[in-house]
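Structural characterization, general
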Amino acid sequence: MSEERMKFSDMSASLKLRYVIYRLLSLAVIVAGAMFIVKGYYSRFFISVGAVILIIGVAMWMMASPDSYNSSTDMVQMIAMDRPRKIEEFYEAYKDVPTPLGSCYLAKFLTMRRPVLAFGPSSEGDYLYFWLTGDGNLGYIGYSFLTSMIKERITEPLHPLNENFGTNAAAYICYHSDIMLMQKDLQESMEHFVKTGEVLPVLESRPSTVYTFTEDFKLMGQRFDLRNEDGELIYHIEGTMPLKQFYIYDAQNTEIFRVEKRILHALPTYDFYYRGEEYGRLEKKFQLIRDTFTMNVKEGKLVLREYAGSLGHNFFVLLNDRMLGSIMENLEFTLKNVVFDNSVVICYEEQYLPLLTAMAIMVAREIARDDEKENA
């Protein structure tokens, strides 16, 4: 709560008022939903209505501040303004800033009355866009692939699209991860601009490599393989029943990582060992919106965090808020993907590939747990 109060004190007067109104209204809606459920416990209709009201109340609570809103979704990010601003201010600041999607331009959208700042679309039809609320006190950075929503270009970009953006992986799934990384960079740049008036450069797409993380049948335990784009074996993973230990071996059968599950913990907790030495303890945090694991390591804080609002089970791996890679559920419709918990591992920094492989085990476990809950 202290951190929330500190950030509340940094808000402008209009945002403070908005925060208080949203929180009070959300509490009232949540109480109303709870009353529907308690009073109408004998009726499925009243319980269903109460549940919907509760969901609306929680959504209103999350929309009260940028921090709570951004913690609930990754597809759209909220930025608080220091004062009422106009979209033209951002256009003038960013029109000459190159990005992997080219420089920005002003556009009219079918669903918005005011101009929007757009980046892209790419050859795949994906783009980022930024808009302000009517009072100019809040901004949102969104991602979309619906190019038909762009009604008209008011200006033209000064810098063209990087045609090689995301193509180094030879897979569209990697491109999706790259564009989310650009959204994160753009958000940080705009937040810095609001505070200081200076624009941070938006990084070019970093070279990334795609690996497949696939499960093979094993009578007792679990077995996975991590292979590169050419199908060459990089790491082999063995899990022992009752799935308390996982061993990661390289192609020479040398142990690289060992993962051990701790028992008697309310939330999943794992000890990590790198080449026989303790690396850190990964602990799942209690969150209603998305699965999140954290680990304190020598370099700082490591986070395994699920994308909020995306299709399938997809996770970022971040070190001190720097993205090391992504682990994305392989949704290609094949028999192996239907039967097993297979993923695609996207690596931005090769020295962390063993760690990303260990994190892929955690993602497989999360997918299996969710499947068990759905089938229960």
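For the structure given in this document, a descriptive report is provided here.

Reading the values: rules and limits
- Residues numbered from 1 in each chain as written.
- Predicted model: local features only at pLDDT ≥ 70, side-chain atom pairs only at ≥ 80, totals over all residues.
- Heavy atoms only, no water.
- Axes fitted to C-alpha atoms, helices over the stretch in contact; angles between N-to-C directions.
- Helix = DSSP H or I, 4+ residues; strand = E, 2+ residues; numbered from the N terminus.
- Parallel < 35°, antiparallel > 145°, perpendicular 65-115°, else oblique.
- Left-handed = near helix turned anticlockwise from the far one by under 90°.
- Contact = heavy atoms within 4.5 Å.
- Pairing = 2+ DSSP bridges.
- Expected span 1.5 Å × (residues − 1).
- Buried < 20%, exposed > 50% of the residue type's maximum accessible area, 1.4 Å probe, protein only.

**Quick notes on the packing of helix 2 (residues 13–39) against helix 3 (residues 44–62)**
Where helix 2 meets helix 3, the axes come as close as 7 Å, and the angle between the chain directions of the two elements is 165°. The angle between helix 2 and helix 3 falls in the class roughly antiparallel. The two elements helix 2 and helix 3 meet at a crossing, and its hand is left-handed. When helix 2 is examined against helix 3, the residues Tyr 22, Arg 23, Leu 25, Ser 26, Leu 27, Val 29, Ile 30, Ala 32, Gly 33, Ala 34, Phe 36 and Ile 37 are found in contact with a partner set consisting of Phe 46, Ile 47, Val 49, Gly 50, Ala 51, Ile 53, Leu 54, Ile 56, Gly 57, Val 58, Met 60 and Trp 61.

**Focus: the sheet that holds strand 18 (residues 343–347)**
Taken together, the 12 strands give a closed barrel; going around it, the order is 7-8-9-10-11-12-13-14-15-16-17-18, and neighbouring strands pair in antiparallel fashion. Taken over all neighbouring pairs, the strand axes of this sheet differ in orientation by 20° on average, direction set aside. The pairing of strand 7 (residues 209–216) with strand 18 spans five bridges and is antiparallel. From the neighbouring strand, Thr 212 faces strand 18, where its bridge partner is Val 344.

**A few points about helix 2**
Between its terminal C-alpha atoms helix 2 stretches 39 Å, which fits the 39 Å expected from 27 residues at 1.5 Å a residue. By the burial criterion, the buried members of helix 2 are Leu 15, Arg 18, Tyr 19, Arg 23, Ser 26 and Gly 33.

**Looking at the sheet that holds strand 3 (residues 116–119)**
Ordered in space as 1-5-4-3-2-6, the six strands form an open sheet in which the pairing is antiparallel. With partners counted over all chains shown, the strands left at the sheet margins are strand 1 (76–80) and strand 6 (150–153), one partner each. The average angle at which neighbouring strand axes cross in this sheet is 30°, direction not considered. In terms of strand pairing, strand 1 meets strand 5 (residues 138–144) through five bridges, oriented antiparallel. From the neighbouring strand, Val 76 faces strand 5, where its bridge partner is Gly 142.

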